Amino acid sequence: MTNELDEFKTEILEVLDNAEKALLEFDQLPDNHRSPPLYDEVFRAYHNIKGAAGMMEMAELQSHVHQLENVLTLSKSTASIPKHLISWFLKGNDATRALLSNEKYSFSYDITPPGEKIVIPDSGLEESQSDETPPAEFFSEMNDGLEKITSALIKIESDASDRGLLDLLYREIHSIKGASQLFGFLGSSQLSHSMESSLESLKRNTSSEIQIGHVSTLLLAVDLLGQCFQRPAPPEIDKEINFMMKLLEPFCEVVMSEVQLGEHDRSVSEGKNQPSVASHPSQTNQDSDKTDTSIRVQVSLLDRLMTLMGEMVLVRNQVLQYSSKTDDLEFLNLSQKLDVVTSELQEETMKTRMQPIGNVLNKFQRVVRDLSGSLDKKINLVLHGVETELDKTLIEAVKDPLTHIVRNACDHGIEQGIARTNAGKSETGTITIKAYHEGGLVIVDISDDGQGLCREKLIKKAIEKGIIDAANADKMSDREVNGLIFAPGFSTAEKVTNVSGRGVGMDVVKSNIERIGGLVDISSVPGQGTKITLKIPLTLAIVPAMIIRCDNDRFAIPQVKLVELVRVEKSVIEYVQGIPVFRLRGNILPLLNLKEILGIQNSVDNDGAIYIVVLNSDTHNFGMIVDEILDTADIVVKPLAKFLKTISVYSGATVLGDGNVAFILDVLGIAQKHLGTGAHADLRSLSDKYSDIATNELEMREYVLVNLGSKTKHAIPLNFVSRMEEVKTSSIELSGVQRVIRYRGGILKIVSLNEVFGYQHSKKDSEITQLIVAVVDENLYGFEVDQIIDVLSTRDALDCSLFSHEAILGNLVTAEEIIVVVDVEKVHELTRPMKIPKTSAGRRRILLVEDTDSIRQKVAAELTNSGYEVEEAIDGVEGLRKIAEQKYCFDLIISDIEMPKMNGYEFVKKIRGMNQLKNIPIIAFSTKNSSADIQLAKSAGFSSYLEKSKGKLLTLLVSECLTKNLRKLA
Amino acid sequence: MNAYLSSATSENLSQYKQFSTFTIDGRLYGIDVMKVQEVTKPLQVTLMRTAPSFVKGLINLRGQIATAIGLRELFNLTPDISVVKMTVVCKVDDVLLSLLVDTIGDVVEVSDKNFEATPQTIPANIKIFMQGVYKTEDSILSIINLESILQELNKRCA
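Predicted, not measured: the structure shown is a model, and the values here were computed from it.

A. Highlighting the overall build of chain A. Regarding its fold elements, chain A presents 30 helices and 34 strands. Counting over 970 residues, chain A shows a buried share of 46%. Put simply, 66% of the contacts in chain A that link residues at least 6 apart link residues at least 24 apart. As presented, chain A carries roughly 49300 Å² of accessible surface, and 52% of it is formed by carbon and sulfur atoms.

B. Examining the nonpolar core more closely. Ranked by size, the top nonpolar core spans 65 residues in total, and within it A:L594, A:F643, A:Y650, B:L71, B:F75 and B:L97 carry the most contacts. Looking at which element gives the most residues to this core, the answer is helix α4 (residues 146–157) of chain B, with five residues. Residues A:V368, A:L383, A:V444 and A:I468 belong to the second largest nonpolar core, which totals 47 residues.

C. Up close: the packing of helix α15 (residues 392–413) of chain A against helix α20 (residues 506–515) of chain A. Residues and elements named next belong to chain A. Closest axis-to-axis distance for the α15/α20 pair is 9 Å, and the angle between their directions is 150 degrees. Here α15 is positioned roughly antiparallel relative to α20, judged by the angle of their axes. Here α15 runs over α20; the crossing is left-handed. Of the residues in α20, those in contact with V398, P401, H404, I405 and N408 of α15 are M506, V509, N512 and I513. The residue makeup of the contact of α15 with α20, split by class, is six nonpolar, three polar and no charged.

D. Geometry of helix α29 (residues 931–940) of chain A. Residues and elements named next belong to chain A. Within α29, the full set of buried residues consists of D933, A937 and A940. Seen from one end, α29 has its buried residues packed into an arc of 65 degrees, which puts them on one side. Facing away from the buried side of α29, by more than 90 degrees, are the exposed residues S931, A932, Q935 and S939. Residues of α29 that are buried make contact with α28 (904–912) and β34 (944–947). Once α29 ends, the next one or two residues include G941, with phi positive near 125 degrees.

E. Inspection of the pairing of strand β13 (residues 587–593) of chain A at higher detail. Residues and elements named next belong to chain A. Judged from the four bridges that link them, strand β12 (residues 579–584) and β13 form a sheet pairing that is antiparallel. If you follow V581 over to β13, its bridge partner there is P590. In textbook terms, the turn of a hairpin is the stretch between consecutive antiparallel strands, and for β12 and β13 this stretch comprises two residues, one of which, R585, has a positive phi near 45 degrees. Here β13 pairs with strand β15 (residues 620–626) via three bridges, running parallel. In the strand pairing of β15, L591 is matched with G623.

F. Examining the pairing of strand β6 (residues 519–525) of chain A more closely. Residue and element names in this part refer to chain A. Most of β6 is tucked away: six of the seven residues are buried. The sheet contact formed by β6 and strand β7 (residues 529–537) spans seven bridges and is antiparallel. Looking at β7, one finds that V520 is bridged to L534. Once β6 ends, the chain turns through three residues before running back antiparallel as β7, passing G527 with a positive phi of about 85 degrees.

G. Geometry of the side chain of A:K399. Structurally, the position occupied by A:K399 is in helix α15. Apart from the residues lying within four places of it in its own chain, the contact partners of A:K399 are A:E7, A:V360 and A:F364.

H. Representation of the sheet that holds strand β19 (residues 701–707) of chain A in the model. Residues and elements named next belong to chain A. Taken in spatial order, the five strands make up an open sheet running β27-β19-β20-β29-β28, and their pairing is mixed. Bordering the open sheet on either side are β27 (787–794) and β28 (808–813), each of which pairs with just one other strand. Taken pair by pair, the neighbouring strands of this sheet meet at an average axis angle of 35 degrees, ignoring direction. When β19 meets strand β20 (residues 713–717), the two strands line up antiparallel, connected through five bridges. In the sheet register, V704 faces β20, and the bridge partner there is I716.

I. Focus on the sheet that holds strand β11 (residues 574–576) of chain A. Residues and elements named next belong to chain A. On the basis of which strands lie adjacent, the open sheet formed by six strands has the order β10-β14-β15-β13-β12-β11 and mixed pairing. The open sheet is flanked by β10 (562–569) and β11, the only strands paired with a single partner. Across the sheet, the mean angle from the axis of one strand to that of its neighbour is 40 degrees, orientation sign disregarded. Against the sheet, helix α22 (residues 667–674) engages β13, β14 (609–617) and β15, with an angle of about 95 degrees to β14.

Definitions and cut-offs
Residues numbered from 1 in each chain as written. Chains lettered and ligands numbered in written order. Predicted model: local features only at pLDDT ≥ 70, side-chain atom pairs only at ≥ 80, totals over all residues. Heavy atoms only, no water. Helix = DSSP H or I, 4+ residues; strand = E, 2+ residues; numbered from the N terminus. Buried < 20%, exposed > 50% of the residue type's maximum accessible area, 1.4 Å probe, protein only. Contact = heavy atoms within 4.5 Å. Areas by Shrake-Rupley, 256 points an atom, 1.4 Å probe, with all protein chains shown as cover. Core = buried A, V, L, I, M, F, W, Y, C linked by side-chain atoms within 4.5 Å. Axes fitted to C-alpha atoms, helices over the stretch in contact; angles between N-to-C directions. Parallel < 35°, antiparallel > 145°, perpendicular 65-115°, else oblique. Left-handed = near helix turned anticlockwise from the far one by under 90°. Nonpolar A, V, L, I, M, F, W, Y, C, P; charged D, E, K, R; others polar. Arc of directions from axis to C-beta. Pairing = 2+ DSSP bridges.

What follows is the structure, given as structure tokens:
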């Protein structure tokens, strides 16, 4: 707590200094000179302080800065500060500093210019501190006392019988009471008094023990006492004190009544009461052990460690590079060991700086609670993924932006209770913060179920503020309009409140997040809510990168930006309007030549192979031609000097293994500069990426194109396809009527798509059969096709208006041809095994004997889904009983082998002994898989054997057995 | 009384300052020695393409990366590729700059008494980088102001 306060103070002081600097610069300018940047600087400073003060619950500071800000807004239109006000503001800053350090200050909020000033004695707004300021020692003493109480309470939790602790507790509380009275802290003295009296009877009655509930209430009270000793005291502390005293009352009584009950009835009363803490000693002991395993370390030390680690990685790289040139085996061996150890060390070192994001997120519970109180709304904060870890510096960096977003969500997002009920939503609004890892990034979603963003309002405001002009407004997409929120000086709140609405904030959020290499995006559905997504890199220091060569220089490209590497003959490069492009799997990939980007003369024009690095920038990919692809390496990112940041080709530099410096290419910057995606398009593409609304048309779909016995090409969606295989036609076997092939130790069912669609099978006699191995609904299929042609990726929408077969999803209409898209799920449905054996009236009945509940239930559910009626039994004995009860009415039995009471072998022998069931198919379903086991099972009387690991095939096997049996009977 | 006091101060406590000197195009310049981290022989420079001509590239200075600035180009003097550039490494505002100069001179100690403002007639392209001049026995030393170099770099790259 004190750490946090210190941090907060340093931060505020820094911001104040900035404001001061800007104010002083104003002073240098002629009177009423306009300077929007300076004005914004001051304004933002006050706004930030106000916000932070609100979060730290320093009401006095908050209202003071709010006043300053209010006066400042008066001159917003001119963006200038009148001379006479500058000194007023400077004094205001001094007062702010005084408030921060709990000093007395005197400040007049009157802003009349001194010349016209009628003497107003400092109008009572002066800090009204009590005459007798308690010495600083008082506060530190009180805090020490509170700390002692807390630790005593926690110890007492694990050992309630320790009378010494109780005495200590009592003593400390008593002395706090005394000191509070002395210095006029009425609230805390009352509170400590009731804490004391709640302990009184416990102390007197030596045989009774403190209860859990009591301990936690006391802990709460201690927290509250801590707040009492803060200066300035938080608002409404008196109310909270009264409430806390009420909470403490019952404990005075309970203990009293316990005493009154006397010794004779004590066992009964103890039984009724909450469980005594003493009954959980083991648990608390564990906790205390845990605290011993961690130590506190200076952050600066960790930083130093990280830097050294970075250097060590460099040295390791140098050693590795050197070792590749030498033949010394010993050295090679050692350098490899060094490599492994360094990598591990690096990983662990990184972890030391990782902290759960919950450290920040949990604070928002309080923020939201307090805000909902002051805004008179009911808001619930739900946190997911608080354990998600990221680098400490990044946690620090996202704290402020997150605070802004959460405050905004409370203020603008969530509507008032009545508005919510009218809209048919629950009165309580919900803000959800979800943090998770995705692709080397930490994603933080902050969503509310409030009113969402209103397009019209946003546009109106933006036009008013001159951010956009009316002509453009209509052309803007919803996402662009939402993006306006991030424009500086933008706010749609009709009223400026204490919480937000002055239009400082979201632009800062955006710039802060982007500074640490993250992205911010907003999406919103009017009436349903707003979602803000932050994408934050895990760490900034070390990134995996690809090293490439261009001319004589080497460059690093961060792996996250890298999609793939392509090596092609120069001849396949085509030109559109003189611009080089490359057809990557049928799609046009725009190409940039790194040499041209860097302004290097393209001297050698070789006709050989060229290397293309496919990069991703926001939504689109592009290819970059490089001279050579060298290696991947973990590089330590070194920032460039500030004045070089404007050169958008590079994002940083790194020292390579051989000690040379290489630039890190700024993929986003290159794309923006050379692909003509300006700021506006950038805005759109950013929002496109995360928006979940109406993305269907834009989504890239991929298909495998195949030839069947039809003139049109057919396409199978790639997401179903697991592999493409060529098999010898002779290796196809029959399982019953089903054509199968042995595949990865199991059997793969082969479905001829020609048969499904009723096409002519054109190449029946060819030696090779081409199969597309697809996974549908957890079933593996081999779709037999005539020829696999290509993979197609397209953004084209599927035309579903015309289809000639139920297993056709629709048509892809490309420029040259029409491609039929196969509905794989429908094919799966059509060829599902259960369709075959549905011969006799009613459903086939299966007895399933299995002792593991979870397996039995899962198998039963699968079989039921496939249309069978399943009877379950937990072992052979119950199985036999079921058989007898139901008069042998089963078509098939599935049995485990290892079972209690009666195992599978005995069970099956018994069944085979029954006349009625002599020929029933019985499937052994077991984990055993040696051929000896299978032999044993067969000789015991099982007709088929299936390993549990191939459980997916069970339904197939069942249908096969049933069909076979039918045929046998016929 | 006042005049007496001030003259006494300057007389008794006249400050000496040390400057690291170097030449560009035959002219003598100096930088406050406290701001110079080191002076080195020519180092391998990784070219920074697309950057303005005065940004020569980056230098690996034992793990730290310094930006190499060609003072000739920054001062708008005619580029001279015949000379292998020596480097003066300085730290300004946390930015590590490696200034490429023609030759390295001695560290000289001069008295405050010998300081004078930059003469009015110095061309603007160099004057903006100058803090003033020190008169020494055999020459006049032009003092480079590192802050103004950084400022100018920021301005020209923006």
